[in-house]
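Secondary and tertiary structure notes
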Amino acid sequence: MEARIVTVAQADDGQRLDRWLKKAVPELPYALAQKLIRKGAIKIDGKKARGEAKLSAGQEVRIPPVEDRAEEHRKPQPKKLSPQDVEFIRSIVLYDDGDVIAFNKPAGLASQGGGGVEWHIDAYFPVLADAQDQIPRLIHRLDRDTSGILLCARSAEAVRRLGKAFKDRRAKKIYWALTVPAPVPNDGTVRASISKPAGPHKDRMVIDDKGQTAVTDFAVRERAGKRAAFVAFRPLTGRTHQIRVHAADVLECPIMGDEKYGGAEAWLGGMDGIARRLHLHARRLTIAHPLKDGKTLDFVAPLPPELIESWNALGFDPNDRADPFAA
């Protein structure tokens, strides 16, 4: 077997090498691709390349013979989707114009696989392939326990442009949450860097002056005395668990149901009608259309039934239309 040389097409200009390999060389398992990259066996224009290297149209990518090693790295075949699965993924689509898709993701469903996750929203995407067999790809992620807007796109160019808009902070995201207790100030901005600690609690992010910059705007919409509040959050950066950490460790009012950051205090004791889940919902997302100049996409995800019940139990408006960050 001889090495293959693949020329990067214009449509793939600016794409990461590791993501490009998944599409351009589908027979190359992801685990094997990562191994070959680490060993320097995959080269761009004759030079060793990192997985995050950005490709340019016309570049030549050398891929060593892999047929005899691919099988041991191949992932198990994805679960066959049932009619109920097909109905489900279509039922949570908020918007689909052929280029961009927005979902209202339910809580409890991971965005992507990995880390022991057996079922995730990414696994449903083949159902939504277009006539050119372009399968949707995620632009960003939501925590498994967070519901709300999840954005995807089909073509490599749409994925690239939307990804850059997120990276450049040109996507406006608003989350709704219930907190316990209510924050003391009505609004403000939290600026507190975040990092992931080593050791047994590495799945829990912490405030760390030497960590990654994290900035979150917040605005209290309604209060239930001092016990709880309906709060809108606007993350200006996209760190893991950012809103949850800022609410619990800086504002000292964890998201209701967030036992990871609030412990047993993240619940209203003796209160009926409160859902047993994390009360965090990606409510609204505003972003420029990646392929249609001058068009703005503005998505609003209704609260799921179990959160509507919690909002109603506390006397809050589950259909609030105001944008507290409009100024």
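Note that the coordinates shown come from a computational prediction; the quantities given were computed from them, not determined experimentally.

1. Here's the deal with the overall build of the protein
Scanning the protein from terminus to terminus reveals eight helices and 16 strands. Relative to the 2.2 N^0.38 estimate, which gives 20 Å for 327 residues, the radius of gyration of the protein is 22 Å and therefore close to what a compact globule would have. Viewed in the frame of its principal axes, the protein has a C-alpha envelope of about 70 × 45 × 40 Å. Within the protein, buried positions represent 46% of all 327 residues.

2. Topic: helix 1 (residues 17-24)
Buried residues of helix 1: Leu17, Asp18, Trp20 and Leu21, and no others. The buried residues of helix 1 all sit within an arc of 160° when viewed along its axis, so they share a single face. With respect to the buried face of helix 1, the exposed residues turned more than 90 degrees away are Arg19 and Lys22. At its buried positions, helix 1 is contacted by strand 1 (4-7), helix 2 (30-38), strand 2 (43-44) and strand 4 (60-63).

3. What about the nonpolar core?
In terms of nonpolar packing, the biggest core is built from 32 residues, with Ile89, Phe103, Ile121, Tyr175, Phe233, Ile255 and Leu280 touching the most fellow members. Of all elements in the fold, only strand 6 (100-105), strand 8 (147-153), strand 9 (172-179), strand 13 (215-224), strand 14 (228-235), helix 6 (242-250) and strand 15 (280-288) reach the threshold of two or more residues within this core. Sort the elements by how many residues they give to this core and strand 14 lands first, with three residues. Setting aside residues up to four positions removed in sequence, Ile89 forms contacts with Phe103, Ile121, Tyr124, Val127 and Leu128. Core analysis: the second largest hydrophobic core is formed by 18 residues, Ile174, Met256, Trp267 and Leu314 among them.

4. Digging into unusual backbone geometry
That bond from Val180 to Pro181 is cis: its omega, -5°, falls within 30 degrees of zero. Checked against the element boundaries, Pro181 lands in the loop between strand 9 and strand 10 (187-191). At Asp45, a residue that is not glycine, the phi angle is positive and equals roughly 50°. Assignment of secondary structure puts Asp45 in the loop between strand 2 and strand 3 (47-48).

5. Considerations on the environment of Asp13
As for its position among the elements, Asp13 is in the loop between strand 1 and helix 1. Placed 13 residues apart in sequence, Asp13 and Pro26 show a C-alpha to C-alpha distance of 18 Å.

6. Re the confidence of the model for the protein
Averaged over every residue, the pLDDT of the protein is 89; the share at 70 or more is 92%. Within the model, the stretch residues 70-76 combines pLDDT values under 50 with ten contacts to residues more than four positions away or in other chains.

Rules behind the numbers
- Residues numbered from 1 in each chain as written.
- Predicted model: local features only at pLDDT ≥ 70, side-chain atom pairs only at ≥ 80, totals over all residues.
- Heavy atoms only, no water.
- Helix = DSSP H or I, 4+ residues; strand = E, 2+ residues; numbered from the N terminus.
- Rg over C-alpha atoms; globule rule 2.2 N^0.38 Å.
- Buried < 20%, exposed > 50% of the residue type's maximum accessible area, 1.4 Å probe, protein only.
- Arc of directions from axis to C-beta.
- Contact = heavy atoms within 4.5 Å.
- Core = buried A, V, L, I, M, F, W, Y, C linked by side-chain atoms within 4.5 Å.
- pLDDT = per-residue confidence, 0-100.

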